[in-house]
Amino acid sequence: MRWHHRLYVALRGLFGSSTLARELNEELQFHFDRQVQANIESGMTPERARRSAAITIGNQDVIREALRDGQTGAMLRQFGRDVSHGVRLMMKAPGFSFAAIAIIALGVGAVTAIFSVVYGVALKPLPFREPDRLVNIYSASPNIGYARMAVNGADHRDWLASNHVFEDIALYRSLANFNLTGAGDPERLLAARISANLLPVLGVSPAIGRGFTEEEDEIGSENVVLLSDALWRRRFGADPSIVGKAIMLSGVAHTIVGVMGPEFQYPAREFQAWTALAISPGELTRKVRGNNNLAVARLKPGVTIEEAQSEMSAIAARIMKADPQNVLPEVIVVPMHADLITNVRSALYVMLAAVLCLLLVAALNLATLLSARAASRSREHAVRLALGASRERVALQSMAEVTPLLAIGGAMGVAIAAYTVAAFIPLAPPTLPRVENIRLSIEVLLASIAVLSVTGLIASVLPAAHAWNADLTGATREETRSTTGSVRQSRARSALVVVQIALALPLLVGGLLLTRTFAALNAQSPGFERDNILTGHLAIPRSKYRNDAAVAQVEERILESVSRIPGVASAGMVNRLPLAGGVSMVIFEFDSPRALDPALSAVDMRVASEDYFKAMGIPVLEGRAFDARDTAASTPVGLIDERIAKLMWPGESAIGKRFRVAPHLMKTAWFEIVGVVGHIRHDSIDADPRTQVYWSFKQMPMDRMALAVRTEPNAAALTSSVVRAVHEIDPEQPVYDMRTMDEWVDRSLGQRWMNMALVGTFASVALALSAIGVYGVIAFGVARQRREFGIRLALGASRRSIAASVVKHGLALAGIGIGAGMAMSIGVTRSMSSLLFGVNPTDVISLTAATLAILFVAILASYLPARRAAAVDPAVTLRAE
Amino acid sequence: MGKPTDLVQGTVDLLILKTIALEPMHGWAIAQRIRQLSDDILQVQQGSLYPALQRLEKQGWITADWGASENNRRARFYRLTKAGQKRLTQEEAAWARLSGGIGMVLRNTALKKA
């Protein structure tokens, strides 16, 4: 009841102030007139009545004043007047205001942009019911290099039967490519196969229709599909009665049972459809070993991750005892959200730290600027204090005067952030998850308002503190001709600049370390020649090409067709393209007296065509690549990379030796080694966990293959020709994810590039701001010391020595800043070691270069004022007194 | 609730609340009524009347509307709110206790003297 009344009174006080003043006048006037009337009624003449009333009532102006001050919002109105005074100040010094606004906009813009990324990716809760209870479960065998592996269907069944910590455990397979045919162009769909209980585990349900039923998990009734909102709108015109209709996926009719809502983007935003997961009976009975499913579970209420982990470890140990051949003896339980961002978390937090560091530099820089202005008004402040203004009042006024700068700078900063974020999203590195959540949300805007307030507080309270502590007698007496100025004030400004430099140094060192990291990665050869290769992916439908021979044949015909394109030098195929994201590994047994180190026992299993090595520029070091001699009927042959050759058969030729799949996994023939090829980095340029073994695509055909086409310069120009060449063989065959090898390499380095670009930019800006800070302090000092310089020159000092003393001052500031920053740098860079490659966190080159950069900038920034100091004409300055 | 009020200010507040408890009144009439009822002993000056009214309004104990005065002019009429009525009761009780206390002190001192 009361609060809204108060609010009303306050609002009226704030906004209705002119009405209020009028009403006040009217009320007081009425009182006066009524008194006059009463006096007349008691028998006075009108004139006496007025005089008497005036005497009894007293000075109405005093009352009016008292009432105005008593109104709610009076203080705010005063603040408003100070703000408009600030606006006038701002207009009066456009250069100063421009600089201040630019600094604020820069700081706020950078922080807002980075925070919107950090919030969207790392902080925003996942769009599922009670997402904190969701976990991912992996099988693992850390000592042979399988840190986090997919899950076997039989293991899943055992977990379900014996655990007490999960409400339910669902499975999905994220790699299910379908060729969508029918109305429109053939299209490759990225789909996931999901178990019927996945949607309930996540706590979501379809927008239209239903999810899958338990029966649809069984082989034979699994031809059902859920569409994504995007696919439903794009391809089916958002048809509301689509449920029950059938679509052709890789030549098989699937019934649409439902459409998911637009926020459902699982396991990632590229997924456009979900089909039922039907696990083969062989996998369930452990006859076929394969770890192909990802597991996601919901913890029972109150169960912690540690409890779940210890129970699952116990279950895994029991499974291992019953089935000693199991390659993956351990189980790992990870919170879903942490798991999702595990690869980018440290990079995100380094970015956030870097940008906050930049913001602090900007705020201090602004404080330096404002404090220089406050210095020139210190007498005004002192006089006002001496005349009785309260210190709070003067400090509040300083804050109010900064408010218009903050408001404009903040608004511009948010605009910059909005623009930057919009520009960033399409350029986001492909490894960055949850990009769809990156936007200027309410939470982000609140954070930037907080940031703005802190900036304003730092920038206005520091200069205002001068007024607070002003020594009245000193300041009022201090005259402009004083030679040294207020020592305390200039010391305070110097301290601000020193802190800016101390903060800029770790940023610079960080930026240099990331730049050197990027350079080292670019110099690192991936093992193939990245230029002039066009790649694309094919998923040959087994429904159309029913056996291995048919698959191999259509692949060979596609290769021939592509090779005929003018401008194509050679064309090859492989089941997994390097740096393109897919992994496929197997444990092999080599016919050698040596045992392979368990950490290296997982080997990349590759199926390649004859010309693949020529197309990729992977050297054949010994023996031969695959050729026409290798057919389905001939001796099974294989290639190994140089590393395996060295490990297994050191000092002798590997040609003619044999290998096969570890017999406890699968029974295969022995493959004869006919060649040794160069080793490549498959996962990423900065990690090299595995060696490679190649099979011939005719002897071990696979339906998921990637084309690698070596072309004349400008590989991308042949994209449509390659698609046409494939469609000549099969017009219904989509070619997807077409990129040049250069692009794959760049994509794999995208996160690194972003780290370097962002921290590098922040560091450059911080360096520039510190330079401005140094310049400001030195130039201000020189302006105040003109008279001193004049005297020194008149007494015989050389102009050189005057200039040198000024530059020395600048260097001293930089030196102290570097000293303080160095300790910080070493602490800070150690925490970013996970982002570095080929360079030490305490890299001497980076530390030295950063130090030199700051010294250089400090010299530059003090050189201009130094020249001005040296150019002082003693005759003029001394006479000016 | 509220800040401690000194005796004089608190007294003016109480007088105003009591005066307008009967019917809404404008400022001049409040001062006039207080004067009449106290046989010209208590005179509330304009300089303390209007700040007091403003204070009471801010507290939410009284509220004001424009209306026509007895001489047909526009005037601001103050009246008690519900909260004001409660406050008045409290203040009256407090005053009774206070004046009773002071009275007792005075009487007892007088007795001892005698």
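Residues numbered from 1 in each chain as written. Chains lettered and ligands numbered in written order. Predicted model: local features only at pLDDT ≥ 70, side-chain atom pairs only at ≥ 80, totals over all residues. Heavy atoms only, no water.

### What about the packing of helix α6 (residues 94-123) of chain A against helix α24 (residues 750-784) of chain A?
Residues and elements named next belong to chain A.
Then step 1. Across the interface, α6 lies against α24 with an axial gap of 12 Å and an inter-helix angle of 160°. Here α6 lies roughly antiparallel to α24, going by the angle between them. α6 and α24 meet at a crossing whose hand is left-handed. Along its contact with α6, which presents Ile103, Leu106, Ala110 and Ile114, the element α24 presents Leu758, Phe762, Val765 and Leu769.
Then step 2. Across the contact of α6 with α24, the residue classes break down as eight nonpolar, no polar and no charged. (Axes fitted to C-alpha atoms, helices over the stretch in contact; angles between N-to-C directions. Helix = DSSP H or I, 4+ residues; strand = E, 2+ residues; numbered from the N terminus. Parallel < 35°, antiparallel > 145°, perpendicular 65-115°, else oblique. Left-handed = near helix turned anticlockwise from the far one by under 90°. Contact = heavy atoms within 4.5 Å. Nonpolar A, V, L, I, M, F, W, Y, C, P; charged D, E, K, R; others polar.)

### Details of unusual backbone geometry
All names here are of chain A.
Then step 1. Following tyrosine 266, the chain continues to proline 267 via a peptide bond in cis, the omega torsion being -5°.
Then step 2. Counting through the fold element by element, proline 267 comes out in the loop between β8 (252-259) and β9 (273-276).
Then step 3. Within the chain, serine 250 stands out as a residue other than glycine whose phi angle is a positive 50°.
Then step 4. Following the sequence through the fold, serine 250 ends up in the loop between β7 (246-249) and β8.
Then step 5. For serine 250, a relative accessible area of 17% translates into the label buried. (Buried < 20%, exposed > 50% of the residue type's maximum accessible area, 1.4 Å probe, protein only.)

### Looking at the packing of α6 of chain A against helix α15 (residues 391-427) of chain A
Residues and elements named next belong to chain A.
Then step 1. Close contact between α6 and α15 brings their axes to 6 Å; oriented N to C, the two are set at 40°. Comparing their axes, α15 and α6 come out oblique. Where α6 crosses over α15, the handedness of that crossing is right-handed. Seen from α6, the contacting residues are Phe96, Ser97, Ala100, Ile101, Ile104, Ala105, Val108, Gly109, Thr112, Ala113, Ser116 and Val117; seen from α15, they are Leu405, Leu406, Ile408, Gly409, Gly410, Met412, Gly413, Ile416, Ala417, Thr420, Val421 and Phe424.

### Looking at the layout of surface pockets
It is a probe the size of a water molecule, rolled over the atoms, that shows where empty space is left.
Residue and element names in this part refer to chain A.
Then step 1. Estimates place the volume of the second largest pocket at around 760 Å³.
Then step 2. Lining of the second largest pocket is provided by 33 residues; of these, Phe424, Trp753, Met754, Ala757 and Leu758 occupy positions nearest its centre.
Then step 3. Sorting elements by how many residues they give to the lining of the second largest pocket places α24 first, with eight residues.
Then step 4. Partitioned by chemical class, the residues of the lining of the second largest pocket number 26 nonpolar, five polar and two charged. (1 Å grid on protein atoms, 1.4 Å probe; cavity = no way out; pocket = protein on both sides within 12 Å on 5 of 7 lines; lining within 4 Å. Points joined across faces, edges and corners; volume = space filled by probe spheres on them.)

### As for a nonpolar patch on the surface
Then step 1. Taken together, the side chains of Trp95, Leu98, Ile102 and Leu106 of chain B present a nonpolar region at the surface, about 380 Å² in accessible area.
Then step 2. By the secondary structure assignment, leucine 98 of chain B is in helix α4 (residues 82-113). (Patch = residues over 30% accessible without salt bridge, like charges linked within 9 Å, V, L, I, M, F, W, Y side chains within 5 Å. Areas by Shrake-Rupley, 256 points an atom, 1.4 Å probe, with all protein chains shown as cover. Salt bridge = Lys/Arg side-chain N within 4 Å of Asp/Glu carboxyl O.)

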